[in-house]
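Residue strings, one per chain:
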Amino acid sequence: MADGTFAVLLLIAGLTDMGTNYCGTPTGCLGPGEQESRLSFSAGNVIERRADEGFEVQMRYDFARTIGPFGQAVGLSLGEESGSWVGYGWTWGTTFGKSPFYTELHAMPGLYAAGDKFDLGGPIEFRSGIELGYENRSGWRYAVGYDHRSNAGIYDENPGIETVHFKVSIPLR
């Protein structure tokens, strides 16, 4: 379904943002920056594709340091049917004007351990996705997200899975 679409969107949006707002500044295109670090928790369901539907929980830590327009994050997920995954990667987000609504894309390569009933094809799996959310005045974020996980064809078997989840993100001050 989604395949690597979200990773490509992250790259296009991030590079466009970088060219427009970061290149030509004193820190440069990929200069260091700061954002609020966050700890987030999400829960949702793996959508039936070739995998069995099942519950999945995920935890993610977003680092305070940015590289140009790109954030950095580390994540861990555990699935009822879909195994476990841990990865590190990049985020890019934007708000809708001055509203409290935002969108964020992520792309994270990682290591995967198959569940009892389903195998994604190998230990290296890529996760990319999108979330749409709301940030309250205290900085807490509430979002719905959709992501895809697969091995991008580096193994003979590449069934891929999608997850739809609800996420709560807490600012770490």
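Nothing here was measured: the structure is a model prediction, and the numbers come from that model. (Residues numbered from 1 in each chain as written. Predicted model: local features only at pLDDT ≥ 70, side-chain atom pairs only at ≥ 80, totals over all residues. Heavy atoms only, no water.)

With 17 residues, helix 1 (residues 5-21) should cover 24 Å at 1.5 Å per step; its first-to-last C-alpha distance of 24 Å lies within 8% of that length. Among all positions in helix 1, only Phe6, Leu10, Ala13, Gly14, Asp17 and Met18 are buried. All buried residues of helix 1 lie within an arc of 135° about the axis, which places them on one face of the element. Close packing links the buried residues of helix 1 with strand 6 (83-95), strand 7 (101-113), strand 8 (124-135) and strand 9 (141-150). (Helix = DSSP H or I, 4+ residues; strand = E, 2+ residues; numbered from the N terminus. Expected span 1.5 Å × (residues − 1). Buried < 20%, exposed > 50% of the residue type's maximum accessible area, 1.4 Å probe, protein only. Arc of directions from axis to C-beta. Contact = heavy atoms within 4.5 Å.)

Inspection of the entire model under this criterion finds one disulfide. Across a sulfur-sulfur distance of 1.8 Å, Cys23 and Cys29 are joined as a disulfide pair. Given an S-S torsion of about 130°, the disulfide between Cys23 and Cys29 has right-handed geometry. A relative accessible area of 30% means that Cys23 is categorised as partly exposed. (Disulfide = S-S within 2.5 Å.)

Side-chain positions along a regular strand alternate between the two faces of the sheet. Alignment of strand 7 against strand 8, held across 11 bridges, turns out to be antiparallel. In the sheet register, Thr103 faces strand 8, and the bridge partner there is Leu132. With 10 bridges joining them, strand 8 and strand 9 adopt antiparallel strand pairing. Paired with Phe126 across the bridge in strand 9 is Ser150. The antiparallel pairing of strand 8 with strand 9 creates a hairpin that spans five residues between the two strands, and Gly139 there sits at a positive phi of about 95°. (Pairing = 2+ DSSP bridges.)

The eight strands are arranged 2-3-5-6-7-8-9-10 in a closed barrel whose pairing can be described as antiparallel. Across the sheet, the mean angle from the axis of one strand to that of its neighbour is 25°, orientation sign disregarded. Here strand 3 (residues 54-62) pairs with strand 5 (residues 71-79) via seven bridges, running antiparallel. Paired with Gln58 across the two strands is Ser77, which belongs to strand 5. (Axes fitted to C-alpha atoms, helices over the stretch in contact; angles between N-to-C directions.)

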